[in-house]
Every structure is written in structure tokens, then in C-alpha cells.
Amino acid sequence: MTIGTNVVRRNENFVGIIKSYYQLTKPRIIPLLLITTAAAMWMASGGRVDPLKLLVTLVGGTLAAASAQTLNCIYDRDIDYDMLRTRARPIPSGRVQPRHALIFAIILAILSFSLLTAFVNLLSAILAMSGIGFYMLVYTHLLKRHTTQNIVIGGAAGAIPPLVGWAAVTGDLNWAAWVLFTIIFLWTPPHFWALALTIEDDYAQANVPMLPVVEGEEATGRQIWIYTLLVVPCTLLLVYPLGAAGVLYACIAVVLGSIFIRKAWQLKQAPFDKDVARSLFKYSILYLMLLCTGMVVDSLPMSDRVATVVAENLNSLLSLIPSL
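As the structure is a computational prediction, the values presented were derived from the model and not from experiment.

## Remarks on the overall build of the chain
When you go through the chain residue by residue, the secondary structure sums to 15 helices and zero strands. Out of the 324 residues belonging to the chain, those deemed buried represent 46%. Put simply, 72% of the contacts in the chain that link residues at least 6 apart link residues at least 24 apart. Taken as a whole, the chain presents about 16100 Å² of accessible surface, with 68% of it coming from carbon and sulfur.

As C-alpha cells, then:
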């Protein structure tokens, strides 16, 4: 009876430990990073991405992102303790010791670099490691606690995954890759500031100078509006002048961008309404997911044939106009 009880307790403890280390990686953030990586790979390969390379790159990216988030949990453990919504995280709650978390993060980073170097290429591995370094040194250490522009500049860390994906396929970075980087870079402020508007009290309690806390809701609403007006046209640069995406993607980008702009305008008009801010935050996630899906579908060979048929029919219709 005693043995059975001990076994159950050990199993519960082991499961609890695994769960705690899993929570250190902030797993809800990672899928969006992987979606941008995969979209870049599909676009770079013209819709003919190698399944094995895709899998390895996504695993390597997951490990790198998990390492960065774990390091962030170590560095920000004081802030996490001050904020009610994060106080139950593994480190501030005492379930994981910082030194153990550091070992875990280092192992994840080594695995990521080794995997990408051995099975993809060195450039993708270096980019993945640069993402960790930029996130920790520039965003977490230099910016987060000292300036309202923390998420603007720090957003570059979240824009590195598409560079990793592009480099994994081509071994280099061209203009299309950097436009993908810029899209994520410009998308991050309206996405994150919309969230910050809904939880600004937490940031104020922890003395984190997020834009809504320092400059207020109206200034944040204006900034969200400006960055939304920047990111939507930027998505179309992949169509013209770069020609990296086609008509199908252009249509998707215009429709999604129009909704994004409308929601940003609604928030600008009602910056104190947390429901409006929450709606924009949720849509920003859907926007990026569907935009990346559009990149993938547009890159498929089948979409080229569809676009060709549409163009031929359109030309036929236009040729009839003079006779009408």
C-alpha cells in the first residue's frame, strides 16, 4: 500500500516538473513564430518545400524560441512576481529554481544550433541564435524596463523566424526575406499595444514603461493606427515590386488589411474601451495566421494555374470592350 502511494506521488511530481519546465517556454507564443517560419519557407521554395527540412527547421525554431522565453522568465522573475497574472509562473512561484532554468535554456539553445547546423545550414542556425541574443540583450535587458519604445525595437526579435525559414531554403537572404521581416516588425506594435491596453494596470503595478502606462490610452491608440497603416501596404510589397507573391495573396492581403485598418480606426476612436482593444488584439493574431496561410497557398503551383486562367479570361473580356 505504501509502495503504491509513493509511486503515485513520484509520478505526480514528475508530471508536475515536466509541466513547469514546459510552462517556462511560454508555449502559446511559439506557434505564431513557427507559422511565419513555415510561410517564408513555402514562399522561398516556390511551394516545393522539402518536408524533412521543414520539420527540422520548425523543431530547431521551437527549441530556440523556447530557450529565449525561458531566459526571459529568469530575467523577469521579479516583474512576474509583482504582476498578478504572472505570479503563478514556475520561477516566481518557486516551482523551478533560476539556475535549473538557466541550464534548461542553454541545453535548448545548443540543441537548436546543432540541429539547424547539421541538417539545414549554418546561416539559419546563426539567425536563430541571434534571435535569442536580440530578445534577451536588446529587448529584455536594455529596452523593456527603460523606454516606451521597448516593443517597437524589441519586435525585431519576433521578426527573425521568417529570416530563419528563408535562409533554411535558399542559404541566403534577399529583399523578399527582409520584407517578411519588416511585416512582422511593423505588425508587432499594434498587436502588443492592443494587449497592453487591456492589462495596463499590471504593467503599472510592476513599473514596466509600456506605452499605455506612460503616455496614456489615446496616444497608444494613435500609435496603433499609424503602425497599422504602415504594415498593410508593406504586405503588398511582396506582390509589387518584388513579385514574390501573386494575385491570390494580394487579394487575401487586401481583405485582411482592410479589416485590420477598420479595427485600428475603431480603437483610435475609443481608446479607453478594453473590449475594442481586446478585439483588435485577437484579430491581429488571426490576421497574421491567415496572411501567412495566403502566402503558402499562393506559392503552390496550382495557384499559378488558377491565376493564369483568371488572367486569360480577364484579357478576353477586356478585348471585347472596344466592340461593345
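## Things to note about helix H6 (residues 122-143)
Along H6, the sharpest kink reaches roughly 30 degrees, centred on Phe-134. All of the buried residues in H6 are Ser-124, Ala-125, Leu-127, Ala-128, Gly-131, Ile-132, Tyr-135, Met-136, Tyr-139, Thr-140 and Leu-143. On its buried face, H6 sits against helix H3 (51-75), helix H5 (98-119), helix H7 (150-158), helix H8 (161-170) and helix H9 (175-198). One side-chain oxygen at the N-terminal end of H6 lies 3.4 Å from the backbone nitrogen of Leu-123; it belongs to Asn-121.

## Here we look at the packing of aromatic side chains
Evaluated as defined, the whole model comprises 10 aromatic pairs. Between the aromatic rings of Tyr-21 and Phe-104, the centroid separation amounts to 5.1 Å while the plane-to-plane angle is 75 degrees, which identifies the pairing as edge-to-face. Here Tyr-21, found in helix H1 (residues 2-24), pairs with Phe-104, found in helix H5; they are 83 residues apart in sequence, far enough to count as distant. The partly exposed category is assigned to Phe-104, whose relative accessible area is 22%. Centroid distance Phe-260 to Tyr-283: 5.9 Å. Interplanar angle 70 degrees. Geometry classified as edge-to-face.

## Here's the deal with the pattern of salt bridges
Side-chain pairs of opposite charge can arise where the charged atoms are in close proximity. Scanning the model with the defined rule gives seven salt bridges in all. Lys-274 is paired through a salt bridge with Glu-200; the nearest N and O atoms lie 3.6 Å apart. Taken together, the residues Lys-274 in helix H14 (residues 274-299) and Glu-200 in helix H10 (residues 200-205) connect sequence positions 74 residues apart. On the basis of relative accessible area, Glu-200 is assigned to the buried category, the value being 10%. In this structure, the salt-bridge partner of Arg-278 is Asp-275, at a minimum N-O distance of 3.0 Å.

## A look at the packing of helix H2 (residues 30-44) against H3
When two helices pack together, their arrangement is given by the angle between the helix axes and by the axis-to-axis distance. Two numbers describe how H2 lies on H3: the axes approach to 10 Å, and their chain directions differ by 145 degrees. The hand of the H2/H3 crossing is right-handed. In this structure, H2 uses Ile-30, Leu-33, Leu-34, Thr-37, Ala-38, Met-41 and Trp-42 to contact H3, whose residues at the interface are Lys-53, Leu-54, Thr-57, Leu-58, Gly-61, Thr-62, Ala-65 and Ala-66. By residue class, the composition of the contact of H2 with H3 is 10 nonpolar, four polar and one charged.

## A few points about the side chain of Thr-198
Mapped onto the elements, Thr-198 comes out in helix H9. Among the polar contacts made by the side chain of Thr-198, one reaches the main-chain carbonyl oxygen of Leu-195 at a distance of 2.6 Å. With sequence-adjacent residues up to four places away left out, Thr-198 is seen in contact with Lys-274, Ala-277 and Arg-278.

## Things to note about a nonpolar patch on the surface
On the surface, Phe-14, Val-15 and Ile-18 cluster together into a nonpolar patch covering about 320 Å² of accessible area. By the secondary structure assignment, Ile-18 is in helix H1. According to the relative accessible area criterion, Ile-18 is partly exposed, its value standing at 47%.

## Considerations on the side chain of Ser-112
In this fold, Ser-112 is placed in helix H5. When sequence neighbours within four positions are dropped, the list of residues in contact with Ser-112 reads Gly-60, Leu-63, Ala-64, Ala-128 and Met-129.

## Here's the deal with the environment of Phe-185
Mapped onto the elements of the fold, Phe-185 is located in helix H9. Sequence separation between Phe-185 and Gly-154 is 31 residues, and the spatial gap between their C-alpha atoms is 8.8 Å. Once residues within four sequence positions are removed from consideration, Phe-185 is found in contact with Val-152, Ile-153, Gly-155, Ala-156 and Ala-159.

## Points about the packing of H6 against H7
Following both chains from N to C, one finds H6 and H7 inclined at 165 degrees, their axes separated by 8 Å at the closest point. With respect to their mutual orientation, H6 and H7 come out roughly antiparallel. Between H6 and H7 the crossing geometry is left-handed. Residues Gly-131, Phe-134, Tyr-135, Val-138, Tyr-139 and Leu-143 of H6 touch H7, and the partners they reach there are Asn-150, Ile-151, Ile-153, Gly-154, Ala-156 and Ala-157. Residues that form the contact of H6 with H7 fall into these classes: nine nonpolar, three polar and no charged.

Thresholds, definitions, all that
- Residues numbered from 1 in each chain as written.
- Predicted model: local features only at pLDDT ≥ 70, side-chain atom pairs only at ≥ 80, totals over all residues.
- Heavy atoms only, no water.
- Helix = DSSP H or I, 4+ residues; strand = E, 2+ residues; numbered from the N terminus.
- Buried < 20%, exposed > 50% of the residue type's maximum accessible area, 1.4 Å probe, protein only.
- Contact = heavy atoms within 4.5 Å.
- Areas by Shrake-Rupley, 256 points an atom, 1.4 Å probe, with all protein chains shown as cover.
- Bend = angle between axes of the 7 residues up to and from the residue.
- Polar contact = N/O pair within 3.5 Å; in protein donor to acceptor, adjacent residues only side chain to side chain.
- Phe/Tyr/Trp six-rings, centres within 6.5 Å; stacked < 30°, edge-to-face > 60°.
- Salt bridge = Lys/Arg side-chain N within 4 Å of Asp/Glu carboxyl O.
- Axes fitted to C-alpha atoms, helices over the stretch in contact; angles between N-to-C directions.
- Left-handed = near helix turned anticlockwise from the far one by under 90°.
- Nonpolar A, V, L, I, M, F, W, Y, C, P; charged D, E, K, R; others polar.
- Patch = residues over 30% accessible without salt bridge, like charges linked within 9 Å, V, L, I, M, F, W, Y side chains within 5 Å.
- Parallel < 35°, antiparallel > 145°, perpendicular 65-115°, else oblique.

Read these as geometric descriptors, not functional statements.
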